[in-house]
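Architecture and fold: a report
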Amino acid sequence: MPVYRQTYSHYEGSYLPRSLAWTLIARRGILHAWRKKWFRFVLIACLFPFLVMVMRFYLAANLDVLNYFGFDPGSVRDILDIDITFYYRFLIMQSFACFIMVILTGSDLIASDRRTKALTLYLSKPITRLDYLFGKASIALFFLYLVQMIPCLTLVFLYAFFNEDWGYITGNIQLIFRIILLSHIYIVPLTALILAISSMTRSRVTATVMFCVVFFVPETFVNILRALMDESWMNPDYFTLFSLGRILEQLSPIIFKQEAPFDVHWIWYALVLSVIVGLCGLILNKQIRAVDVVK
Amino acid sequence: MNGFPNTYKSINHSLFQNLMDSTSIFQIDHLIVNLGRKTILRDISAEMPQGAVGLLGPNGAGKSTLLKTMMGFLKPDKGQIKVLGRDPRREGAQVRQRIGYMPEEDTYMPGMTAVEFVSYCGMLCGLPRNEAMLRAHQALHYCGLGEARYRTVDTYSTGMRQRIKLAQALVHDPDLLFLDEPTNGLDPQGRKSMLDLIQEITRQKNISVILSSHLLHDVETVCDYVLVLFQGSVAASGRIQDLKQMAQSSYIIRIKGDMETFIDALREQGLECQPSRDSRIQVRMKEKLGTDVIFRIAHESGAQIRHMAKEEMTLKEVFASAIQQSNGDAAASEG
């Protein structure tokens, strides 16, 4: 008797609840990305500034250590001083890592499923389109949190740990809230945008190029228009509403009570950002289907 | 008119009334599905019992659309549909939990070994991790991919991809399998072995199958029931054996006497005759006409009937007749 006749049998156990399906997609995507050597290398490179900052925090809390290396602790005290703007600058610095990671992890998330027609397979299982989307988004979100929000929050905890001052955390709840908010201002729109673009193509390269075009081309036009526009006619800063990069640039300092670069109320930027995320949602709703309907 | 009796579809409907009830795998009632501006399924009604059901029709007949509507991928514009007693529009996930779908397209998840792929599909269907892995090995062995289960799916040949699509559809132990053109791209040997496997699934494992194909041979080999679609409408439906018998019957006759006179006399009565080289005549009977007509004509033309046997139609002929009649119906309604 062939082997297969002895093996296949009916399943008599129970099935897990469907609400967990998105976690399977997320877990598989994260492991799939982690298996690639080059990806691990880029991820560690993106976390390099964090490692440097950990050393800085250690030194700031243990200035005496500098004596061993022949430095005068008093001369570097000001350089190593840590205040709220430090975290702001760190988040802005890590936003570049976010940009890299969102392209690396997000550009092929849905494009590869469209290329290999795996979308039909996914949706033929007892999962909803929302499960699929949430699972895929979680992959990009995981790595973006890993390079921006989590390191920054870790630094807050490390400051308290190195200085043995746990009151630092309770006394800076607002700081933690600001870090989380600013991270999401970057992470959510970038994830929504890359997923929407990835869902419109079958190629990782095309998705990457489209993402860069959407991000950088409006920025270039905005810069040109601002340079050319006569300020007496209208405030040229309004053109920055058309550039995602400029929107993020305007909203970030406001969250950390820093001076905003453009002379337009932040509410407009928040509104445009919401519209961008909403449009991405509409695109995803249209694209994530088991059947391509040609009208 | 040459072809099926006009009452064909209604005969089948009443024929199945006693087979249905709770054991039907799907029930469709006046279903209309539009894709964009085009109507793909036009007011179709059908009901099929458990077992192997063939969904037959030429390319573009609406087979895949019907399958996708049953899966809940497409929303009907009108009519009712129930699969395994549930409405896929409202309970899509519950329906898909009990269904295994083997799509027509070459589809896979890149970068995974076969066993990872199949177990992942099992987990998506709700199997616990260990159970999914165990059943993935079983399903791959069962589908003849035991030796290749640690290879990445990207490196598989067309035949192997067909088999792995079947394995992923089977892994969670579905009650019903949707197989969309399962023999596409396979060589004759691969086709035979795939059809044997599907037969084994329906007969030994008691899993119902809906086999969508434009290949009559595949449907005839595997299925007990058939739903013939043509231009989005049901051309015929029912048990294949019954359809063959109900279709216009033909007889093979050998006579002693003047064959030409006999054939002319038959043709005068409106019967279709086809003489062959070995002195035999194939006579296709008209609806509600008994064999006594042939004997009477033979008597009148002075011929002796030495041999007379009923010839069973093949599914190909049934299919051709159904399509022919559907064409005629469409032309009549346009006229």
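Residues numbered from 1 in each chain as written. Chains lettered and ligands numbered in written order. Predicted model: local features only at pLDDT ≥ 70, side-chain atom pairs only at ≥ 80, totals over all residues. Heavy atoms only, no water.

The subject of this paragraph is the overall build of chain B. Broken down by element type, chain B carries twelve helices and 13 strands. Buried positions account for 55% of the 335 residues belonging to chain B. The long-range fraction of contacts in chain B, counting pairs at least 24 apart against all pairs at least 6 apart in sequence, stands at 69%. (Helix = DSSP H or I, 4+ residues; strand = E, 2+ residues; numbered from the N terminus. Buried < 20%, exposed > 50% of the residue type's maximum accessible area, 1.4 Å probe, protein only. Contact = heavy atoms within 4.5 Å.)

Moving on, we get to the confidence of the model for chain B. Should pLDDT be low for a region, the predicted coordinates there are not to be read in detail. All names here are of chain B. On average, residues of chain B carry a pLDDT of 84, and 85% of them reach 70 or more. Mean pLDDT values over the elements of chain B span from 42, in helix H1 (residues 8–17), up to 96, in helix H4 (residues 114–124). Taken together, the stretch residues 1–21 has pLDDT below 50 and engages in 45 contacts with residues farther than four places along the chain or on a different chain. Both scores are available for the predicted complex, with the pTM at 0.82 and the ipTM at 0.86. (pLDDT = per-residue confidence, 0-100.)

Right, let's get into the interface of chain A and chain B. At the junction of the two partners, chain A supplies 34 residues and chain B supplies 45 residues. Carbon and sulfur atoms supply 61% of the area that chain A and chain B bury against each other, a total of about 4,000 Å² over both sides. Seen at the junction of chain A and chain B, the total is one salt bridge. Here Arg35(A) ties to Glu116(B) by a salt bridge, and the two come within 3.1 Å at their closest N and O atoms. Summed over the shared surface of chain A and chain B, the number is 20 residue pairs in polar contact (both at pLDDT 80 or more). For the side of chain A that touches chain B, the secondary-structure elements that each account for two or more residues are helix H1 (3–7), helix H2 (21–34) and helix H8 (118–123) of chain A. Looking at the side of chain A that touches chain B, the element that brings in the most residues is H2(A), giving six residues. Partitioning the side of chain A that touches chain B into residue classes produces 18 nonpolar, eight polar and eight charged. (Buried area = accessible area lost by both parts, 1.4 Å probe. Salt bridge = Lys/Arg side-chain N within 4 Å of Asp/Glu carboxyl O. Polar contact = N/O pair within 3.5 Å; in protein donor to acceptor, adjacent residues only side chain to side chain. Nonpolar A, V, L, I, M, F, W, Y, C, P; charged D, E, K, R; others polar.)

Residues and elements named next belong to chain B. Spatially, the three strands line up as an open sheet ordered S2-S1-S4, and their pairing is antiparallel. Edge positions in the open sheet fall to strand S2 (38–49) and strand S4 (78–83), since each of these has one partner strand only. On average, adjacent strands in this sheet sit at an angle of 20° to one another, irrespective of strand direction. (Pairing = 2+ DSSP bridges. Axes fitted to C-alpha atoms, helices over the stretch in contact; angles between N-to-C directions.)

Residue and element names in this part refer to chain A. Here helix H9 (residues 129–162) contains 34 residues, and its C-alpha end-to-end distance of 46 Å stays within 8% of the 50 Å for a straight helix at 1.5 Å per residue. Taking the largest bend as the criterion, H9 deviates by roughly 50°, centred on Tyr 145. Taken across its 34 residues, H9 has 24 buried, putting it largely inside the fold. Looking at the residues trailing H9, positive phi occurs at Glu 164, about 50°. (Expected span 1.5 Å × (residues − 1). Bend = angle between axes of the 7 residues up to and from the residue.)

Along its sequence, chain B is carved into domain 1 (13–243) and domain 2 (248–312). Computed from C-alpha coordinates alone, the two centres of domain 1 of chain B and domain 2 of chain B are separated by 44 Å. (Domains from an automatic or database assignment.)

This part covers the pattern of salt bridges. All names here are of chain A. Within this structure, the stated rule accounts for 17 salt bridges over all chains. The residue Arg 226 makes a salt bridge to Asp 237 at a minimum N-O spacing of 2.9 Å. On the criterion of sequence distance, the pair formed by Arg 226 in helix H12 (residues 204–228) and Asp 237 in the loop between H12 and helix H13 (244–255) is long-range, its members being eleven residues apart. Judged by relative accessible area, Arg 226 falls into the partly exposed class, the value being 28%. Salt-bridge contacts for Arg 246 lead to Glu 249; the nearest nitrogen and oxygen are separated by 2.6 Å. Remark: Glu 249 and Arg 246 occur in helix H13; sequence separation between them is three residues, near one turn of the helix. Relative accessible area serves as the criterion here: at 12%, Arg 246 is assigned to the buried category. A single network of salt bridges, built from pairs that share partners, joins Asp 108, Arg 115 and Arg 204.

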